[in-house]
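# Chain and residue survey
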Amino acid sequence: MEAKLKKELGTSRLKPTGHSGGGCISEGQSYDTDSGKVFVKINHKSEAKLMFDGEMASLEAIFRTETVKVPKPIKVIELDRGGCVFVMEHLDMKGLNNRYSKQLGEQLADLHLHNKTLQEKLQKEQQTVGKGPGQSEVAVVEKFGFDVATCCGYLPQQNEWQNDWVAFYSQQRLQHQLNMVETSYGDRETRELWAALQLKIPQLFTDIEIVPALLHGDLWGGNVAEWVEGPVIFDPATFYGHSEYELGIAGMFGGFNKSFYSAYHQKIPQAPGFEKRNQLYQLFHYLNHWNHFGGGYRGSSVRIMKDLLK
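The name recorded for the chain in an unreviewed UniProt entry is protein-ribulosamine 3-kinase, from Oryzias sinensis. What UniProt states about the chain under its Sequence similarities (unreviewed entry) heading is, verbatim, "Belongs to the fructosamine kinase family."

Below, the structure written as structure tokens:
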């Protein structure tokens, strides 16, 4: 693997630094190279390339907004004996300190507002004398989805573009997860609850305007940190969706304090019905955990569905 890395990165120096890491999906190792330190994620599974291609596209999209720090992606490299590695900028990271929580809340809101700001800028330009449509270099996104598949965990998400957020979320997030639950478990109660819930979902979005927002997509406490200059987010599962979706998993496993939420909501205030929609967004992550880790997450999935039907 190291010979392949040297060749692909064009470096004569490739020395492990002792910085290693990894979660339940991929291993990681930092190396010194001719042009500085890099962090390499390694996965030997057959779906590794799809997963890393999605992560690279996610990091590139967030990086381009210049709103919140992410490791700069460098290259996805297929290994000769199967599997894949993903090379990115090495950052000396440690657990997020309270002093940076407020800054992360502000920067995350900036990320979520980035596309809306571009839309408003483009509309302004088009109204300016002599500046017609199509003359701006700004890439505005008006639909929900993403150009490539991205993985939340190791399961690919359906990111085909849709005009309507409620349809996108119902079909390409919840229905997709529930299809996997049905295949693996044939759970009758879940099937019946979903038949009722999908009829009710549109009511949770009455009078809510949703502008596609670029999302990290898997923002729990384990995917945030700090480095010398401030907060960092990593391991994204990016797509354009409703900004509130991001706060679903953020509230499930802790890791974010009041200063984070208050700073975020100063820029993006809570809209009426936020709490119910937050539960709806958590449902995706409980179903995703059920499909990753087994029936221990069934109870939480069923409970949320029942709560939303009350």
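The biggest cluster of nonpolar side chains holds 68 residues, and the ones touching the most others in it are Trp165, Tyr169, Leu174, Ile201, Phe205, Tyr245 and Leu280. Not counting residues within four places of it along the chain, the set of residues in contact with Tyr245 comprises Gln157, Trp165, Tyr169, Leu215, Gly217, Phe239, Tyr281, Phe284 and His285. Formed by 10 residues, the second largest nonpolar core is a distinct cluster that contains Leu5, Tyr31, Ile42 and Leu79.

Glancing now at the pattern of salt bridges. Overall, the coordinates contain 18 salt bridges when judged by the stated rule. A salt bridge links Glu106 to Lys102; its shortest N-O distance comes to 2.8 Å. Remark: Lys102 and Glu106 occur in helix H3 (residues 98–127); sequence separation between them is 4 residues, near one turn of the helix. Assessed through its relative accessible area of 26%, Glu106 is described here as partly exposed. For Lys102, a relative accessible area of 43% gives the class partly exposed. A salt bridge links Arg277 to Glu244, with the shortest nitrogen-to-oxygen separation between them at 2.7 Å. On the criterion of sequence distance, the pair formed by Arg277 in helix H8 (residues 274–293) and Glu244 in the loop between strand E11 (239–241) and helix H6 (246–250) is long-range, its members being 33 residues apart. For Arg277, a relative accessible area of 0% gives the class buried.

Pairs of packed helices are described in terms of their axes, by the angle between the two and the distance that separates them. At a minimum axis separation of 10 Å, helix H5 (residues 188–200) and helix H9 (residues 298–309) run at an interaxial angle of 35°. When the axes of H5 and H9 are compared, the crossing they make is left-handed. Counted together, Glu189, Thr190, Leu193, Trp194, Ala196, Leu197 and Lys200 of H5 and Arg298, Val302, Met305, Lys306, Leu308 and Leu309 of H9 form the full contact between these two elements.

This brings us to the packing of aromatic side chains. Aromatic rings in a pair are described by how distant their centres are and how their planes are angled relative to each other. Applying the stated criterion across every chain, the model contains 19 aromatic pairs. Relative to Trp165, the ring of Phe144 has its centre 5.5 Å away and its plane inclined at 55°; by these criteria the two rings are tilted. With Phe144 in the loop between H3 and strand E6 (151–152) and Trp165 in helix H4 (residues 165–185), the pair connects residues that are 21 residues apart, well separated along the chain. Measuring from ring centre to ring centre gives 5.2 Å for Phe239 and Tyr245, while their planes differ by 70°; the resulting arrangement is edge-to-face. Exposure class is identical for Phe239 and Tyr245. Each is buried.

Reading guide: rules and limits
Residues numbered from 1 in each chain as written. Predicted model: local features only at pLDDT ≥ 70, side-chain atom pairs only at ≥ 80, totals over all residues. Heavy atoms only, no water. UniProt positions renumbered as here; feature names shortened; annotations may be inferred. Core = buried A, V, L, I, M, F, W, Y, C linked by side-chain atoms within 4.5 Å. Buried < 20%, exposed > 50% of the residue type's maximum accessible area, 1.4 Å probe, protein only. Contact = heavy atoms within 4.5 Å. Salt bridge = Lys/Arg side-chain N within 4 Å of Asp/Glu carboxyl O. Helix = DSSP H or I, 4+ residues; strand = E, 2+ residues; numbered from the N terminus. Axes fitted to C-alpha atoms, helices over the stretch in contact; angles between N-to-C directions. Left-handed = near helix turned anticlockwise from the far one by under 90°. Phe/Tyr/Trp six-rings, centres within 6.5 Å; stacked < 30°, edge-to-face > 60°.

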